[in-house]
Amino acid sequence: MTPQHNVTPAADWWRHAVIYQVYPRSFADANGDGMGDLAGVRSRLPYLRDLGVDAVWLSPFYASPQADAGYDVADYRTIDPMFGTLADAEAVIADAHGLGLRIIVDLVPNHCSDQHAWFRRALAEGPGSAFRKRFHFRRGRGENGEQPPNDWESLFGGPAWTRVPVDPSAPKAGEEGEWYLHLFAPEQPDFNWDHPAVQDEFRSILRFWLDLGVDGFRVDVAHGLVKAPGLPDMGHAEQLKLLGNQTLPFFDQDGVHEIYRSWRTVLDEYPGERIAVAEAWTPTAERTARYLRPDELHQAFNFHYLNTGWDAEALRAAIDSSLDAMRPIGAPTTWVLSNHDVVRHRTRLGGGEDRARAATLLMLALPGSAYLYQGEELGLPEVTDLPDEVRQDPSFFRDSGQEGLRDGCRVPLPWNGDAPPYGFGDGGSWLPQPADWAPLTVAAQTGDPASTLELYRTALALRRTHPGLGAGDAVEWRDAPDGVLVLRRPGGLVCTVNTTTAPVRLPSPGRLLLSSGALDPTDGEFTLPADTTAWWEE
Ligand code: NOJ
């Protein structure tokens, strides 16, 4: 039975929603073990309601050995004890709904943990066994099978294959057997999605969480489930450089769409518009749009936008191409600047807090849905000086197949106080927080109109009420000097952005609603400082 749902039943809520990503291990620690948990999330839900977001996406909290911070799931229906219990998850869902927030959980269907019951049986029961068929086990190449079955590389570096002993319970040197495929860490074996048991299992997992009342799923590696028949060689190295700009035999295969059609029928069985958002890396925005046809998923992250630098022309092109790709299929465009896998945008865009604030106001002015990553509302920078011995990102240990390292954006949040752990919990924090974060805490910024936290609160409140913000599929560009963007949305919202390093003087488009930096309006004109965005009502 679906639990009581107090969230306003808004049709198409996901077409304009602002969705806040909680990374549970780094959000709030209720039991003082230095690691965030679900009770911590629950205690801070009122903060998220007051911030003004519509939904919360929780990164994985399932039973996991944490080889990849929970993206290695050992049991999809159990909460890892370090995060709490199923009762804690139910309490988070119930409280969130009571506060008018929706909950989206992370679903990891491309791979599981090597500690998942199916994989353990696959290893124990040996070549040709029924459980090995649920994964990609193959004999190696070479005289004694000593070469991987093909040339695919893991996204975390090194080959995408690991060889297992003939008898894993009593491994003997010289008695190696089959290899298994893992596009990520060796502890993350890929499922074989041609197998009906895998398909049935994931429909059942969807129902398990929908029955508990979740409002949607973020689908991890949604582009990776189906592999090209025969697992053909790529034919060259440095394959990761092709990620997101070329079709690969392990990504964005046409067969994935059948899976999402079958998931959509499950989602649609439930009341209240339950959604799925795809993490889909594809070569073009048009290929991404295929995941969002009306009988497939609802949204996809816009990584093309995330990867666009602070450059007016490039931003305009990315905005236009994103909207153009989604318009024909009627799916909302999404916008994102930060998440748990990339350098925080305050640091990545290279312009400090001013530029980050300007980038955020531009993003929140665009038509569609927006994703925020915990801590960006505090203007947190990337932590770039973590000592090697505290790092936990598997890409660090496997020679970083992915660009950059991911621990620096995962440092626990500062809530209050003058010194670490800044109210994160009573027991320190699993990654050290910088000594100079006291001015960035929630408590320090609350009530200070110049703070980034208050900028986010004001912007999100305006987004809820202004008819020119939120859902839509069009922007109109006005003439503007080089490096400056002036866009108007139907509904009378004008957004002016100065991406240059010098102030510009512009005609005032109307009544000022909000700006990321101080303006100087006089005589029907105003000065837009460097790295500043302003919203106007025409
Ligand atoms: C994408 C997730 O966002 C990332 O954190 C994870 O390492 C990979 N998928 C593998 O699950």
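Residues numbered from 1 in each chain as written. Predicted model: local features only at pLDDT ≥ 70, side-chain atom pairs only at ≥ 80, totals over all residues. Heavy atoms only, no water.

A.B. asks: I would appreciate a short explanation of the overall build of the chain in the present structure.
C.D. replies: A tally of regular secondary structure across the chain gives 14 helices and 20 strands. Relative to the 2.2 N^0.38 estimate, which gives 24 Å for 538 residues, the radius of gyration of the chain is 24 Å and therefore close to what a compact globule would have. Overall size of the chain, expressed as C-alpha extent along the three principal axes, is 85 × 50 × 50 Å. Out of the 538 residues in the chain, the part that is buried amounts to 58%. Pairs at least 24 apart in sequence give 68% of the contacts found in the chain among residues at least 6 apart. Each charge class in the chain can be summarised by its mean position, and for the 47 positive and 76 negative side chains these summaries are 4 Å apart. (Helix = DSSP H or I, 4+ residues; strand = E, 2+ residues; numbered from the N terminus. Rg over C-alpha atoms; globule rule 2.2 N^0.38 Å. Buried < 20%, exposed > 50% of the residue type's maximum accessible area, 1.4 Å probe, protein only. Contact = heavy atoms within 4.5 Å. Lys, Arg positive; Asp, Glu negative; His and termini not counted. Charge placed at Lys NZ, Arg CZ, Asp CG, Glu CD.)

A.B. asks: Honestly, the sheet that holds strand E7 (residues 161–165) in this entry has me stumped. Any pointers?
C.D. replies: The strands making up a sheet associate through hydrogen bonds between their backbones, and the pairing can be parallel or antiparallel. One open sheet holds the three strands; their spatial order is E6-E8-E7, and the pairing between them is antiparallel. Bordering the open sheet on either side are strand E6 (137–138) and E7, each of which pairs with just one other strand. (Pairing = 2+ DSSP bridges.)

A.B. asks: Whenever I open this one, the pairing of strand E1 (residues 18–22) confuses me. Can you help?
C.D. replies: On any regular strand, side chains alternate: one points to one face of the sheet, the next to the other face. Of all five residues in E1, five are buried, a share of seventy percent or more. Both faces of E1 are covered, namely the face carrying Val18, Tyr20 and Val22 and the face carrying Ile19 and Gln21. Sheet topology places E1 next to strand E2 (residues 55–58); four bridges connect them, and they run parallel. Bridge pairing in E2 places tyrosine 20 opposite valine 56.

A.B. asks: Looking at this structure, I do not really get the pattern of salt bridges. What am I missing?
C.D. replies: Pairing between side chains of opposite charge can happen when the charged atoms of each approach one another. Under the criterion given, the structure shown has 37 salt bridges. Among the salt bridges present, the one from arginine 42 reaches aspartate 95, with a minimum N-O distance of 2.8 Å. Of this pair, arginine 42 sits in helix H1 (residues 38–43) while aspartate 95 sits in helix H3 (residues 86–98); the two residues are 53 residues apart in sequence, bridging distant segments of the chain. Look at arginine 42 and you get partly exposed, because its relative accessible area is 37%. For aspartate 95, a relative accessible area of 28% gives the class partly exposed. Residues joined in a network through salt bridges with shared partners are Asp68, Asp341, Asp393, Arg406 and Arg410. (Salt bridge = Lys/Arg side-chain N within 4 Å of Asp/Glu carboxyl O.)

A.B. asks: Explain the site of the ligand here, please?
C.D. replies: The full set close to the ligand counts 13 residues, and Asp68, Asp220, His340, Asp341 and Arg406 are the nearest of them. One of the side-chain nitrogen or oxygen atoms of aspartate 341 is found 2.5 Å away from an oxygen atom of the ligand. Protein contact buries 98% of the 300 Å² of open area that the ligand shows by itself. Residue composition of the shell around the ligand, by class: four nonpolar, two polar and seven charged. (Near = heavy atom within 4 Å. Polar contact = N/O pair within 3.5 Å; in protein donor to acceptor, adjacent residues only side chain to side chain. Areas by Shrake-Rupley, 256 points an atom, 1.4 Å probe, with all protein chains shown as cover. Nonpolar A, V, L, I, M, F, W, Y, C, P; charged D, E, K, R; others polar.)

A.B. asks: How should the packing of helix H5 (residues 196–211) against helix H6 (residues 256–268) be read in this particular structure?
C.D. replies: To characterise two packed helices, one gives the angle between the axes of the helices and the distance between these axes. The interhelical angle for the contact between H5 and H6, taken along N-to-C directions, is 25°, at an axis separation of 10 Å. Classified by the angle their axes make, H5 and H6 are roughly parallel. For H5 against H6, the interelement crossing comes out right-handed. Judged by residue contacts, Phe202, Arg203, Leu206, Arg207 and Leu210 of H5 engage Ser262, Trp263, Val266 and Leu267 from H6. Of the residues that constitute the contact of H5 with H6, the class distribution is six nonpolar, one polar and two charged. (Axes fitted to C-alpha atoms, helices over the stretch in contact; angles between N-to-C directions. Parallel < 35°, antiparallel > 145°, perpendicular 65-115°, else oblique. Left-handed = near helix turned anticlockwise from the far one by under 90°.)

A.B. asks: Whenever I open this one, the packing of aromatic side chains confuses me. Can you help?
C.D. replies: For any pair of aromatic rings, the description consists of the separation of the ring centres together with the inter-plane angle of the planes. Applying the stated criterion across every chain yields a total of 29 aromatic pairs. With centroids separated by 6.2 Å and ring planes inclined at 75°, the aromatic side chains of tryptophan 57 and tyrosine 371 adopt a geometry described as edge-to-face. In this pair, tryptophan 57 sits in strand E2 while tyrosine 371 sits in strand E13 (residues 369–373), placing the two residues 314 residues apart along the sequence. Assessed through its relative accessible area of 3%, tryptophan 57 is described here as buried. Taking 5.2 Å as the distance between ring centres and 80° as the angle between the ring planes, the aromatic pair formed by tyrosine 260 and tryptophan 263 counts as edge-to-face. You can see tyrosine 260 and its partner tryptophan 263 sitting in helix H6, three residues apart, about one turn around the helix. By the ring-pair criterion, three or more aromatic residues cluster together here, those being Tyr76, Trp118, Phe119, Phe135, Phe137, Tyr180, Phe191, Trp193, Phe202, Tyr260, Trp263 and Tyr291. Directly above the aromatic system of tryptophan 118 lies the positively charged group of arginine 134, at a separation of 4.3 Å from the ring centroid. (Phe/Tyr/Trp six-rings, centres within 6.5 Å; stacked < 30°, edge-to-face > 60°. Lys NZ or Arg CZ within 6 Å of the ring centre and 35° of its normal.)

A.B. asks: What's the story with helix H14 (residues 452–465) in this structure? I'm lost.
C.D. replies: Given 3.6 residues per turn, any residue in an α-helix points the same way as the ones three and four places further on. Here H14 spans 20 Å end to end across 14 residues, near enough to the 20 Å set by a 1.5 Å rise per residue. Taken across its 14 residues, H14 has 10 buried, putting it largely inside the fold. Within the sequence span of H14, burial applies to Thr452, Leu453, Glu454, Leu455, Tyr456, Arg457, Ala459, Leu460, Leu462 and Arg463. (Expected span 1.5 Å × (residues − 1).)

A.B. asks: How should I be thinking about the sheet that holds strand E18 (residues 511–515) in this particular structure?
C.D. replies: What the five strands build is an open sheet, ordered E14-E15-E16-E20-E18; its pairing is antiparallel. Of all strands in the sheet, those bounded by a partner on one side alone are strand E14 (476–477) and E18. Inspection of the sheet shows E18 paired to strand E20 (residues 532–537) by four bridges, in the antiparallel sense. Opposite arginine 511, over in E20, you have glutamate 537 as the bridge partner. The strands touched by helix H11 (residues 352–365) are strand E15 (484–489), strand E16 (493–498), E18 and E20; relative to E20, the strand with the most contacts, the crossing angle is about 35°. Seen against the sheet, H14 touches E18 and E20 and runs at an angle of roughly 135° to E18.

A.B. asks: Would you mind showing me how to read H11 here?
C.D. replies: For H11, built from 14 residues, the straight-helix expectation of 20 Å at 1.5 Å per residue is met to within 8% by its first-to-last C-alpha distance of 21 Å. Most of H11 is tucked away, with 11 of its 14 residues classed as buried. For H11, the full list of buried residues reads Arg355, Ala356, Arg357, Ala358, Ala359, Thr360, Leu361, Leu362, Met363, Leu364 and Ala365.

A.B. asks: What should I look at first to understand the nonpolar core in this one?
C.D. replies: If you look at soluble globular proteins, the nonpolar side chains tend to sit buried side by side. Ranked by size, the top nonpolar core spans 144 residues in total, and within it Tyr20, Leu48, Trp209, Tyr260, Tyr305, Leu362 and Trp535 carry the most contacts. Every residue in contact with tyrosine 260, bar those within four places of it in the chain, is listed here: Val219, Ala222, Leu225, Tyr291, Asp295, Glu296 and Leu297. Counting 17 residues, the second largest nonpolar core, distinct from the first, contains Leu183, Ala185, Val221 and Phe251. (Core = buried A, V, L, I, M, F, W, Y, C linked by side-chain atoms within 4.5 Å.)

A.B. asks: Any chance you could explain the environment of valine 22 here in plain terms?
C.D. replies: Summarising the element assignment, valine 22 is placed in strand E1. With a relative accessible area of 0%, valine 22 lands in the buried category. The spatial distance from the C-alpha of valine 22 to the C-alpha of histidine 340 is 9.3 Å, given a sequence separation of 318 residues. Beyond its immediate sequence surroundings of up to four residues, valine 22 is in contact with Phe27, Val41, Leu48, Val56, Trp57, Leu58, Ser59 and Gln374.

These results come straight from atomic positions and should not be treated as a statement about function.
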